[in-house]
Amino acid sequence: MTDLTILKNDFYNTFNANCEDIFFSPGRVNLIGEHTDYNGGNVFPCAISFGTYGLVSKRNDNKFLLHSLNFKELGTIEFDLSELVYNKEHDWANYPKGVIKTIIDHGYSIPTGFNILIYGDIPNGSGLSSSASIEVLTATILNHYFKLNISNVDIAKIAQEAENKFIGVNCGIMDQFSICMGLKDSALLLDCNTLKYKYSPINLDGYKLVIGNTNKKRGLADSKYNERRTECETALKELQTVVNISSLGDLTIDEFEKFKDSIADSTRIKRAKHAVYENQRTLKAVQALEENKLEEFGKLLNESHISLRDDYEVTGTELDTLVSLSWDQKDIVLGARMTGAGFGGCTVNLVKSDSIDEFIEFTTREYEKKIGYKPDFYIVDISDGPRKLNL
Ligand code: GLA
């Protein structure tokens, strides 16, 4: 647990003012349903106990002064409500800035600026959504202070819009939605086409979700994320010449197999195949979990990874190594896959609760032998969404 007293002192030392409130916004881990959100499919993520803390005091002028303890070397970043434009030098602060601008663009009034001290315990670039976490945090702070009455679903949409338009990453809605709607001990089955969702309690009877970090960093913006999205959009257009669908998520597996030859390129067939099969796999996985069929759930996690590796091609040596080391430990691991956008970042593993130490020790040793540096492991709780903390 992060020590809030230390953070309050840091706030005072940074801004020479007392902190008025502390907010928290979680990160998320996606259990299954990867690269399906922008394809109109299902996802099954949950908010986690790691997240971003925001300590704030309202200012009497139009200035935002932002300071992150995770990027101390960048110092305090300052901008004015009248200059909400992307600035490369403002680095991480473009995320909050984009959210402020998007909220204003939606017609809400932000009358003053703030001092905000940020501290995140989500490892940056690990695929646990540190960026969506800070976006949602910013909107939550403004929503609270100016009584904007924006619902959490709309906060998710605004945060996604900021990331798409201001940051330039064409992400889907999964991260922002799962963070905004997080519920303790439950994962969220979200249909990204309709935004209908339901909670599914996570009872892992003798097993735990262990997150493995490859420690290979990736940034969404410079990854092949946008390229995959375009490939799927092109495949969709090709399929639409033969079948009446609005997204790849509309197709059953049988329909896909019947119509796939309308896609002119073999790489695009693989991309679309992943989107369709992963979408159906997600529904099966949620059902397996609800029926307490943990082994089946684990197998579906494995299948998801294979599809992301071979058809969607978003894994890479580090993720594949970490996952296959989990697969090697069949007696204590029911399933493992990459989570998030891929190209580095984290894996999610279903590990026997009383064998976690053994799992971490073996995997760390073997991963280091193969990759040359160590992975990290986190056992996180499934958490509620964004909130104001007691001072
Ligand atoms: C990133 C994006 C999400 C989603 C995942 C892949 O986390 O922000 O919208 O597309 O990748 O499932």
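This is a predicted model, so every value here is computed, not measured. All residue numbers here refer to positions counted from 1 along the written sequence of the relevant chain. With the structure being a predicted model, the display of local features is reserved for residues of pLDDT at least 70 and the display and counting of side-chain atom pairs for 80 or more, all residues being used for whole-chain, interface and lining totals. Only hydrogens and water are removed before side-chain values are computed, so all heavy atoms of the structure are retained for them.

1. Here we look at the packing of helix α10 (residues 317–327) against helix α11 (residues 356–371)
Lines are fitted to the C-alpha atoms to define the axes, a helix being fitted only along its stretch in contact, and any angle between axes, read from their N-to-C directions, falls within 0 to 180 degrees. Only DSSP runs of H or I with at least four residues qualify as helices, and only runs of E with at least two residues qualify as strands; both kinds are numbered from the N terminus onward. Across the interface, α10 lies against α11 with an axial gap of 10 Å and an inter-helix angle of 145°. Crossing handedness for the pair α10 and α11: right-handed. Packed against α10, whose contacting residues are Thr317, Glu318, Thr321, Leu322, Leu325 and Ser326, the element α11 presents Phe359, Phe362, Thr363, Glu366, Tyr367, Lys370 and Ile371 at the interface. By convention, the crossing between two helices is left-handed when the near helix turns anticlockwise from the far helix through less than a right angle, and right-handed when the turn is clockwise. In what follows, residue pairs with any heavy atoms lying within 4.5 Å of each other are defined as contacts.

2. Some details on the site of the ligand
In these notes, residues near a molecule or strand are those with any non-hydrogen atom within 4 Å of it. Around the ligand, a shell composed of 13 residues is seen, among which Glu34, His35, Asp37, Asp175 and Tyr225 lie nearest. For the ligand, an oxygen atom lies 2.5 Å from a polar atom in the side chain of aspartate 37. Where accessible areas are quoted, they stem from the Shrake-Rupley method and a 1.4 Å probe; at the residue level, only the protein chains shown are allowed to cover. When the free accessible area of the ligand is taken as 300 Å², the share hidden by the protein chains comes to 98%. Split by residue class, the shell around the ligand holds six nonpolar, three polar and four charged. Boundaries of every domain are those given by an automatic assignment or by a domain database. For the shell around the ligand, the domains that each give at least three residues are domain 1 (4–201 + 383–389) and domain 2 (207–380). N or O atoms within 3.5 Å of each other form a polar contact, as long as, within protein, one can give a hydrogen and the other can take it, and as long as residues adjacent in sequence are counted only when both atoms are side-chain atoms. In this count, Pro and Cys sit with the nonpolar residues alongside Ala, Val, Leu, Ile, Met, Phe, Trp and Tyr, while Asp, Glu, Lys and Arg are called charged and the others, Gly among them, polar.

3. A few points about the sheet that holds strand β11 (residues 376–378)
Pairing between strands is defined by DSSP: at least two bridges between the two strands are required. Spatially, four strands are ordered β9-β10-β8-β11 in an open sheet, and the strand pairing comes out antiparallel. Where the open sheet ends on each side, the last strands, each with one partner, are β9 (333–339) and β11. Each strand of the sheet is rotated relative to its neighbour by a mean of 25°, with strand direction disregarded. Note: β9 against strand β10 (residues 346–352), six bridges, orientation antiparallel. Among the inter-strand pairings, alanine 336 is bridged to a residue of β10, identified as asparagine 349. Each of β8 (207–213), β9 and β10 touches helix α9 (residues 294–310); the most contacted strand, β9, lies at about 35° to it.

4. Here we look at the UniProt feature "domain: GHMP kinase N-terminal" (unreviewed entry) in the protein chain
UniProt positions are given in the numbering used here, feature names are shortened, and annotations may be inferred rather than shown by experiment. Under the present numbering, the feature "domain: GHMP kinase N-terminal" (unreviewed entry) in UniProt falls on residues 94–182. When the span residues 94–182 is considered, its composition is 57% helix and 8% strand, and the gap between its end C-alpha atoms is 24 Å.

5. Structural notes on helix α4 (residues 152–167)
The span one expects for a helix is its residue count, reduced by one, times 1.5 Å. For α4, spanning 16 residues, the distance from its first C-alpha to its last is 21 Å, which sits close to the expected 22 Å at 1.5 Å a residue. Elements that come into contact with the buried residues of α4 comprise α2 (94–105), α3 (130–145) and α5 (174–180). Remark: glycine 168 follows α4 within two positions and exhibits a positive phi of approximately 90°.

6. A look at the packing of helix α8 (residues 266–290) against α9
Put simply, α8 and α9 touch, their axes get as near as 9 Å, and they point 170° apart. What the angle tells us is that α8 and α9 run roughly antiparallel. Pair α8 / α9 crosses with left-handed handedness. Contacts between α8 and α9 pair Lys270, His274, Glu278, Arg281, Lys284, Ala285, Ala288 and Leu289 from the former with Leu294, Glu296, Phe297, Leu300, Glu303, Ser304, Ser307, Leu308 and Asp310 from the latter. Should an angle fall under 35 degrees it is called roughly parallel, over 145 degrees roughly antiparallel, and 65 to 115 degrees roughly perpendicular, with every other angle called oblique.

7. Description of the UniProt feature "binding site: Mg(2+)" (unreviewed entry) in the protein chain
Cross-referencing UniProt, the feature "binding site: Mg(2+)" (unreviewed entry) maps to Ser131 and Glu163 in the present numbering. In summary, the annotated positions, though distributed over 33 residues, converge in three dimensions, the widest C-alpha pair being only 8.7 Å. Among the structural elements, serine 131 can be located in helix α3. Discounting chain neighbours no more than four positions away, the residues touching serine 131 are Tyr95 and Glu163. Mapped onto the elements, glutamate 163 comes out in helix α4. Partly exposed describes any residue whose relative accessible area lies between the buried limit of under 20% and the exposed limit of over 50%, with all areas from a 1.4 Å probe on protein chains only and scaled to the type maximum. Judged by its relative accessible area of 2%, glutamate 163 falls in the buried class.

8. Digging into the domain arrangement of the protein chain
Split by domain assignment, the protein chain resolves into domain 1 (4–201 + 383–389) and domain 2 (207–380). Once you take the C-alpha centre of each, domain 1 and domain 2 turn out to be 25 Å apart. Residue-level contacts link 36 residues of domain 1 with 46 residues of domain 2. Overall, the association of domain 1 and domain 2 removes approximately 3200 Å² of surface from exposure, summing both partners, and the carbon and sulfur fraction of that is 61%. Among the residues domain 1 hides against domain 2, the three largest losses belong to Ile32, Glu34 and His35. Together they make up 20% of the total. Only one rule defines a salt bridge in this text: a Lys or Arg side-chain nitrogen within 4 Å of an Asp or Glu carboxyl oxygen. Put simply, domain 1 and domain 2 have two salt bridges between them. For lysine 198, the salt bridge goes to glutamate 290, with nearest N and O atoms at 3.1 Å. Counting every contact that joins domain 1 to domain 2 gives 21 residue pairs in polar contact (both at pLDDT 80 or more). Looking at the side of domain 1 that touches domain 2, the elements that each hand over two or more residues are β1 (21–32), β2 (42–58) and β7 (196–201). With six residues, β2 is the single largest residue contributor to the side of domain 1 that touches domain 2. Buried area: the accessible area, evaluated with a 1.4 Å probe, that two parts lose upon being put together, summed over both parts.

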